[in-house]
Each structure stands twice: as C-alpha cells, then as structure tokens.
Amino acid sequence: MGSNILILVVFIVYLSLLVLWGVYQGRKVRSGNDFAIAGRRLPGWAAALSERATGESSWALLGLPGAAYATGLTEIWTAAGCVAGIITAWIFLAWRLRDEAEKYNVTTFSGYIEARHGDAGRSLRMLVSFTIVFFFFFYVGAQFLGGGKTLYTLFGIRPSAGMLITAAVIIPYTIYGGFRSVVYTDVIQATLMIITLVVAPVAGIIYIMNEPGLYASGISEALAKSGESYTRLTGAAGGFGAGLLITGGFSWFFGYLGGLPQLTTRFMAIKDARQARKARNIGIAWTIIAYAGELSLGWIGLAIFGPAGLKDQEYVMPSVLLRLFPPVIAAILITGAIAAMLSTADSLLIVSATELSETLTGKKNEKHEEKRETNMLRRHRLTTASLALIALALSYVSPSKVIFTIVSYVWAGVGCTFSVIILLTLFWKRFHGRAATVTVITGLLFTIFWISGGFEQHYKVTRDKANMLAERNIISSEERSTLLIMENQKFSGLQRFEAKLAEKLGSSGEGERIKTISSAFSVKGIPARLMTFIVCFVTAVLSTLLLPPHGKEG
C-alpha cells in the first residue's frame, strides 16, 4: 500500500511538470502551421523521440513485456516485425516524406495525398481525412478508457475519475500548443522509457543471478522450467499453426510503412535533410535497444515470479521494477510507463483535429498571410477542444466493447491500407488518385469483413484447453463440465463469446476471470494486417492499370 501511495505522489508531480512543459513549449506557437506541424522546424532528435514515444506508448512497457512473460520466445516474432517495420520506415520513407511535405507545402497526411493526386485529390482527401478522424476519434476515447483502467488498477481510483484525470492532463497543453507541445512532451516520455528499458534489464539480470529463492537464476533456466512451449519460437504450435504464429507476429511490419498518420507527420515535420539523417539514426538505435529491453523485462519477470506468479501478465514490468529498485526509483520508472499512454492520446487527438479542421475549412484566402494563419490557429484550437470533449463524453456513454471493436480495425484498416497508398505514391509514378480511392474503400471494407467474420481470430471451447484451465485452478471441475457443453462451437466475436461464458458460469464468471478464460479459448487465424496489405496492394495495382487517371496529377 505504501509503494502505491508513493507511486501516486510521484505520478502527480510528474504529470504536473509534464503539463507545465507542454504549455511552455506552446508559447512558441504563433500560426496554424506551427500548431499542425511545428512549422516544419523539428530537430532530428525531437522528431525521432516523439515518433518512438507515439509509436510505442504504454504497449512497449506493459503489453510486450507481458506477452513475453506469458509466452516465452514466441513473442520474438512480434518484436521482429515491429523492429523491421520501424527501421524500414526510417531508412527508406522518413526523408522522402520530409522532402515531399516541403515540396508541396503540406501540413497533414491527407493534405499530402491531395497534393500528389491532382484533380482526384480533393475527393480522395475527404475520404482519407474522414477515415482518420472517425477511427482516431474512437482511438482517443479508448485511451481515456485505458487511462481510467490503469489508474484504477494501480491506485484504486474510480475508472470514471481516472478518465477525467487522463483528459485533464492532455487536453490543456494539446489545445494550447498543438503539435509542438505534443512532440516535446513525447520527448520526455521517450527518454524516460528508454532509461527504464536499459537500466531495468541490466539490474534484473544481476538480481536473478544473485538472489536465492527465485523461480530461476537465469532467463534460460526460467524459460526451460516454464515448459517446452516457452523455449520454442513457435510455442506449442506446429505445421500450419506455426506458420500462422510467425506470420501473425511479423505482420506488424506492414503498418509501419507510412500508413499511420500520427507517425508519418513526425517525418513530415523534420527541419531539413541533415536533421532527417540524425532522426533516422536516433530512431533506429532507440528501437533496437527498446525492444531488446521489453522482451528481457518479460523474461526476467518469468525468472522472478514463475509462469503463474502474476495475476495480470501486463503488470510484469511494474512488478519487476518494484522488486529491483528502492521505492522512489521504482515509482519514477513506473510513472514513465503509466504516463507513456498519454503520448498516444495527445498525438491521435492533434492528428484528428488538424485533419478535420483543414479538410472542412481548407486554406482560406484572406488578404493578409498573418491574418490567415491566425484564423487557422483559432480553428485548429477550437476543433481540438471540440473533438477532445466529444471523445471524452463518448468514452462515458458508449459501451467500451463498441469502442475497442472499432479501434481493433485501426492497424489493418488504416495503417496497412494507407501504407499501400504511401508506398505506391512515393515509388510508382503511374499510381493515381482514382486507384488510391478504390484502394482505401477496399481496405476498409475488407478489414471489417475479415475481423468481424472471425477469420483473424475466433473462439472455441476445446477439451484440452478446458482441462488446462482446470489443472491451473482457474476453473473448477464443475465449471469445466459446464463449458464443455459448448465444445467446438465457433464464436467470431469476443463480446458474444464472453457473454456466453458469463451466462454459463453465472455469478462466478465476472470481470478479469472471464477475460482470462476467454483468452485461453482464442484461436488465431490469418492476421488482418497481412491480408489487408495484400488485398490493398493487388487492388491498387489492378486499379492503376485498369482505370484511367483523373486529370493532371502531381
């Protein structure tokens, strides 16, 4: 209890300083261009650290270590896919997108698409922009929900109050300073994250080698003692299942290829070519070090606690830090992990707001440039405030499962679809606006079809999994028999499956327990990320060859 209070105190101090820092940076915002893309004057180090903080957020410090703790070496494929995608983006795309943004004088993702695709660009921009706003609108709401859950789990703060706290932190400096404030608060997050991911694994390895009475005295021993699936790169899967596991993990690669607007705008905002090279080097180095640290933290947690030692796998990182460090140091490092989710929320908010503001109002032709920029700045701030408040209200009144279902489409439907658009726009001169429009629509519809149809993942009760849950005392023998009534029934949606579990288990099937049981019965299919990218690529090529371009394109 004492450690929780200390973490809360450090958390409050940290967030207060973060808000003040964001507001301070916002004092330098004088125009709509400053608000939307920091005047395209970002130094390389700031762009790189902001891009990494936005791209990873709390997933880097909670999600991936938790998955490594729960599955062992299997999670290497996810890390490999992410690292490969990030490195590819920094080497081949970042400097090109920076140069293109400068050449066409654009400040938003959709603005660049419009500039490159001539007469077809305006309608394409509307489609791209409203797609971003719609999905990211729910994504921001999901961040508020996640903030409420995290504060409740760690400090016992009611989720409704936790959502308000999350919003109260990010909304003021995002409205005031826009993209610039968001970037420089991200820099703080990324710095603290990388310190955690360097210091904690080193301290953890020393600790498990010298501390008696732990589950294992080394990572290799911990993996071996946890079972054969932990020491194999494909876990318990074999044959086609192993192929799906590898493909599923590595398929994260495709979303990083320019298709995520919140990351691409960081590339577009870099000051010049020399700074782009600095950003590339920092971004790649940060990524390699961070992912090695994230996996190591999960495996160190396995050595300390054993495979059944934690109630929630995603809190392996805080648990390890509290074991390794004095309370004050642990509190600072854990606070960085908690606050890292803010770097995603504020980035999504600013991208959505500037996209909506510029797409709806366009470039007004005021006589004086200064007046035009001032009016644009006012519109950006008003749009940001409106979107933030509506997203917050949505997170209160809309069922959380609806929000998270829509968010689940983002990586494939937005990231992988737009990656195809960006790649072909940059590297294939024949690619045109009509083909891009067809590709975007196809990508969105296919993603919804693939995920909602259960082709990416579905749920099925099997005897082997039910026996495993009973052996681990997660369910009783009576509950095992009850669940086997549903044996081999296929459920394409998580919400429907969890509702059925709750119905069968009655009062004993509540909250986190239902989630634990449902996850055990999940069956992986071919990931939507891979399939959407392939379908969009084929659609783009065929559309380019079969459809005539619309007028003159850039």
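Preceding block: the structure.
Residues numbered from 1 in each chain as written. Predicted model: local features only at pLDDT ≥ 70, side-chain atom pairs only at ≥ 80, totals over all residues. Heavy atoms only, no water.

K.L.:
Even after reading the chapter, I still don't get the overall build of the protein chain, so can you show me in this structure?
P.N.:
Secondary structure summary: the protein chain contains 23 helices and 3 strands in total. In summary, the protein chain has a C-alpha radius of gyration of 24 Å against a globular reference of 24 Å for 554 residues, a match within 12%. Taking all 554 residues of the protein chain together, 57% fall into the buried category. Expressed as a percentage of contacts within the protein chain between residues at least 6 apart in sequence, the contacts between residues at least 24 apart total 82%. Surface accessibility of the protein chain: about 22,300 Å² in total, with carbon and sulfur atoms responsible for 63%. The centroid of the 51 positive side-chain charges in the protein chain is displaced by 6 Å from the centroid of its 35 negative side-chain charges. (Helix = DSSP H or I, 4+ residues; strand = E, 2+ residues; numbered from the N terminus. Rg over C-alpha atoms; globule rule 2.2 N^0.38 Å. Buried < 20%, exposed > 50% of the residue type's maximum accessible area, 1.4 Å probe, protein only. Contact = heavy atoms within 4.5 Å. Areas by Shrake-Rupley, 256 points an atom, 1.4 Å probe, with all protein chains shown as cover. Lys, Arg positive; Asp, Glu negative; His and termini not counted. Charge placed at Lys NZ, Arg CZ, Asp CG, Glu CD.)

K.L.:
Hey, could you run me through the sheet that holds strand S1 (residues 457-460) in this one?
P.N.:
Note: strands within a sheet are paired through backbone hydrogen bonds, in either parallel or antiparallel orientation. If you trace the 3 strands from one edge of the open sheet to the other, you get S2-S1-S3, paired in antiparallel fashion. Each having just a single partner strand, strand S2 (490-491) and strand S3 (522-524) make up the two edges of the open sheet. Bridging between S1 and S2 involves 2 bridges; their strand directions are antiparallel. The partner of Tyr459 across the bridge, within S2, is Phe491. (Pairing = 2+ DSSP bridges.)

K.L.:
Where do I start with the nonpolar core in this structure?
P.N.:
In a soluble, globular protein the nonpolar side chains are often hidden away together inside. One finds Trp90 and Phe136 to be the most contacted residues of the largest nonpolar core, which totals 158 residues. Here this core gets 18 residues from one element, more than from any other, and that element is helix H7 (residues 159-210). Listed in part, the 16 residues of the second largest apolar core include Leu483, Leu505, Ile517 and Ala520. (Core = buried A, V, L, I, M, F, W, Y, C linked by side-chain atoms within 4.5 Å.)

K.L.:
How should I be thinking about the packing of aromatic side chains in this particular structure?
P.N.:
Two measures describe an aromatic ring pair: the distance that separates the ring centres and the angle between the ring planes. Enumeration over the complete set of coordinates arrives at 23 aromatic pairs. A ring pair is formed by Phe134 and Phe138, whose centres lie 5.1 Å apart and whose planes are at 65°; its orientation type is edge-to-face. You can see Phe134 and its partner Phe138 sitting in helix H6 (residues 121-155), 4 residues apart, about one turn around the helix. Looking at Phe134, the relative accessible area reads 43%, which means it is partly exposed. Classification of Phe138 by relative accessible area gives buried; the value is 12%. Site record: aromatic cluster; members linked through ring pairs are Phe250, Phe253, Phe254, Phe533 and Phe537. One cation-aromatic arrangement involves Lys225 over Tyr215; the distance from NZ or CZ to the ring centre is 4.6 Å. (Phe/Tyr/Trp six-rings, centres within 6.5 Å; stacked < 30°, edge-to-face > 60°. Lys NZ or Arg CZ within 6 Å of the ring centre and 35° of its normal.)

K.L.:
Is there a simple way to explain the pattern of salt bridges in this structure?
P.N.:
When the charged atoms of two side chains lie near each other, side chains of opposite charge can form a pair. On inspection of all chains with the given rule, the structure shows 12 salt bridges. Its salt-bridge partner being Arg122, residue Glu114 comes within 4.0 Å of it at the nearest N-O pair. The class of Glu114 is partly exposed, set by a relative accessible area of 21%. Through salt bridges with shared partners, a single ionic network connects Glu114, Arg122, Arg125 and Glu358. (Salt bridge = Lys/Arg side-chain N within 4 Å of Asp/Glu carboxyl O.)

K.L.:
It is not clear to me how unusual backbone geometry should be interpreted in this structure. Could you clarify?
P.N.:
Keep in mind that most residues, glycine aside, have a negative phi and that most peptide bonds are trans. One non-glycine residue, Ala38, lies in positive phi territory at about 55°. By the element assignment, Ala38 lies in the loop between helix H2 (32-37) and helix H3 (44-71). Of note in the backbone geometry, Asn488 takes a positive phi value of approximately 70° without being a glycine. Mapped onto the elements of the fold, Asn488 is located in the loop between helix H20 (477-483) and S2.

K.L.:
Would you explain the side chain of Arg266 in this entry?
P.N.:
Relative to the assigned elements, Arg266 resides in helix H11 (residues 261-268). A relative accessible area of 0% places Arg266 in the buried class. Separated by 3.0 Å, the side chains of Arg266 and Asp186 make a polar contact. Not counting residues within four places of it along the chain, the set of residues in contact with Arg266 comprises Ala47, Ser50, Glu51, Thr54, Phe179, Val182, Val183, Asp186 and Ser347. (Polar contact = N/O pair within 3.5 Å; in protein donor to acceptor, adjacent residues only side chain to side chain.)

K.L.:
What should I look at first to understand helix H8 (residues 219-226) in this one?
P.N.:
Each full turn of the α-helix corresponds to 3.6 residues, which orients residues three or four apart in the same direction. When H8 is considered as a whole, its buried residues turn out to be Ala222, Leu223 and Ser226. For H8, the arc enclosing every buried residue in end-on projection is 95°, short of the 170-degree limit, so these residues lie on one face. Facing away from the buried surface of H8 by more than 90 degrees, the exposed residues are Ser220 and Ala224. Looking at the residues trailing H8, positive phi occurs at Gly227, about 125°. (Arc of directions from axis to C-beta.)

K.L.:
Is there a simple way to explain the state of the cysteines in this structure?
P.N.:
In protein structure, a disulfide is the covalent linkage between the sulfur atoms of two cysteines. For the coordinates displayed, the defined rule picks out 0 disulfides. Its sulfur unpaired, Cys416 is 8.2 Å from the next cysteine sulfur, which belongs to Cys536. Residue classification places Cys416 among the buried residues on the basis of a relative accessible area of 0%. (Disulfide = S-S within 2.5 Å.)

K.L.:
Help me out: how do you make sense of the environment of Ala190 in this one?
P.N.:
Positionally, Ala190 belongs in helix H7. Residues Ala190 and Ser343, 153 residues apart in the sequence, show an inter-C-alpha distance of 9.0 Å. Setting aside residues up to four positions removed in sequence, Ala190 forms contacts with Leu49, Ala53 and Trp286.

K.L.:
Explain H11 to me, please; I cannot follow it from the model alone.
P.N.:
Taking burial as the measure, the 8 residues of H11 include 8 buried ones, the bulk of the element. Inspection of H11 places Pro261, Gln262, Leu263, Thr264, Thr265, Arg266, Phe267 and Met268 among the buried residues, and these make up the whole buried set.

K.L.:
Would you mind showing me how to read the packing of helix H5 (residues 109-116) against helix H17 (residues 410-427) here?
P.N.:
Two numbers describe a pair of packed helices, the interaxial angle and the distance between the axes. With their axes 11 Å apart at the nearest point, H5 and H17 run at an angle of 40° to one another. As judged from the angle between their axes, H5 and H17 are oblique. Relative to H17, the crossing made by H5 is left-handed. Contact with H5, carried on its side by Phe109, Tyr112, Ile113 and Arg116, involves Phe418, Ile421, Ile422, Thr425 and Leu426 of H17 and no other residues of that element. Split by residue class, the contact of H5 with H17 holds 7 nonpolar, 1 polar and 1 charged. (Axes fitted to C-alpha atoms, helices over the stretch in contact; angles between N-to-C directions. Parallel < 35°, antiparallel > 145°, perpendicular 65-115°, else oblique. Left-handed = near helix turned anticlockwise from the far one by under 90°. Nonpolar A, V, L, I, M, F, W, Y, C, P; charged D, E, K, R; others polar.)

K.L.:
Even after reading the chapter, I still don't get the environment of Phe537, so can you show me in this structure?
P.N.:
For Phe537, the location among the structural elements is in helix H23 (residues 528-546). For Phe537, the residues in contact, after removing those within four places along its chain, are Val420 and Leu424.

K.L.:
Mind showing me how you'd approach the pairing of S1 here?
P.N.:
Across a regular strand the side chains alternate sides, sitting on one face of the sheet and then on the other. The sheet contact formed by S1 and S3 spans 3 bridges and is antiparallel. In the sheet register, His458 faces S3, and the bridge partner there is Val523.

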